[in-house]
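The primary structure of each chain is shown beneath.
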Amino acid sequence: MKEKLSFQNPKSFLVVFFTLLLFSSNLLADTDCGHITGLEFSNGHETVMLKDHEVYNINDLPEHFYINLNVDGYSQSARFIVKNLDTGSTYNITENLLPYTFPAGNASWHLGLGTF
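Predicted, not measured: the structure shown is a model, and the values here were computed from it.

S.K.: Lay out the overall build of the protein chain in plain terms, naming residues and giving numbers.
M.R.: If you tally the helices and strands in the protein chain, you get one helix and six strands. For the protein chain, the α and β elements follow one another from N to C terminus as α-β-β-β-β-β-β. Counting over 116 residues, the protein chain shows a buried share of 20%. Taking as baseline every contact in the protein chain between residues at least 6 positions apart, the subset at least 24 positions apart corresponds to 44%. Of the roughly 9,200 Å² of accessible surface on the protein chain, a fraction of 57% belongs to carbon and sulfur atoms.

Here you go:
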């Protein structure tokens, strides 16, 4: 004889629903989210790898560049926070589709010059 869940009582449904929700959330929490392997200035054809604490001359970068985030492993999104240290302006985007780029969608850099 097969057992089946009864949802005739609304309270029992909520208990089952929240139990399943908590169970699935715990499964997702253990998922490897991937690793950042590097950042690069790119236009899709040329690239210059970003190095921590380096200074880049705009004339030495690919024309119409964007910043590309390279990841290894399973990932669903990436969040970029870019701050212009000269003006204090902060730009914040989340990319949900590969490739993860700033500005979003492989658009050209449009934040001007400055220390970022």
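More follows now that the structure is in view.
S.K.: Would you mind going over the pairing of strand 1 (residues 35–42) in detail, with residue names and values included?
M.R.: Note: strand 1 against strand 3 (residues 66–72), seven bridges, orientation antiparallel. Across the sheet, isoleucine 36 pairs through a bridge with valine 71, a residue of strand 3. Taken together, the three bridges between strand 1 and strand 2 (residues 47–49) define a ladder with antiparallel strand orientation. Along strand 2, the bridge assignment pairs serine 42 with threonine 47. Linking strand 1 back to strand 2 in an antiparallel pair, the connection comprises four residues, with glycine 44 at a positive phi of about 95°.

S.K.: Would you mind going over the nonpolar core in detail, with residue names and values included?
M.R.: Formed by Phe41, Leu61, Phe65, Ile67, Leu69, Ala78, Phe80, Val82, Tyr100, Phe102, Trp109 and Leu111, the largest nonpolar core amounts to 12 residues. When residues of this core are traced back to their parent elements, those giving at least two are strand 3, strand 4 (78–83) and strand 6 (100–102). The element best represented in this core is strand 4, accounting for three residues. Beyond its immediate stretch of four places on either side in the chain, isoleucine 67 contacts Leu39, Glu40, Phe41, Tyr100, Thr101, Phe102 and Trp109.

S.K.: Can you explain the environment of histidine 45? Please cite residues and give values.
M.R.: Among the secondary structure elements, histidine 45 is positioned in the loop between strand 1 and strand 2. Once the C-alpha coordinates of histidine 45 and glutamate 63 are considered, the two residues, 18 residues apart in sequence, prove to be 9.8 Å apart.

S.K.: Now, about the side chain of serine 42: what can you tell me, with residues and values included?
M.R.: Looking at the secondary structure, you find serine 42 in strand 1. A polar contact of 3.0 Å, which involves the side chain of serine 42, links it to the backbone nitrogen of glycine 44. Leaving out residues up to four positions away in the same chain, serine 42 has contacts with Thr47, Pro62, His64, Phe65, Tyr66 and Asn68.

About the criteria used
Residues numbered from 1 in each chain as written. Predicted model: local features only at pLDDT ≥ 70, side-chain atom pairs only at ≥ 80, totals over all residues. Heavy atoms only, no water. Helix = DSSP H or I, 4+ residues; strand = E, 2+ residues; numbered from the N terminus. Buried < 20%, exposed > 50% of the residue type's maximum accessible area, 1.4 Å probe, protein only. Contact = heavy atoms within 4.5 Å. Areas by Shrake-Rupley, 256 points an atom, 1.4 Å probe, with all protein chains shown as cover. Pairing = 2+ DSSP bridges. Core = buried A, V, L, I, M, F, W, Y, C linked by side-chain atoms within 4.5 Å. Polar contact = N/O pair within 3.5 Å; in protein donor to acceptor, adjacent residues only side chain to side chain.

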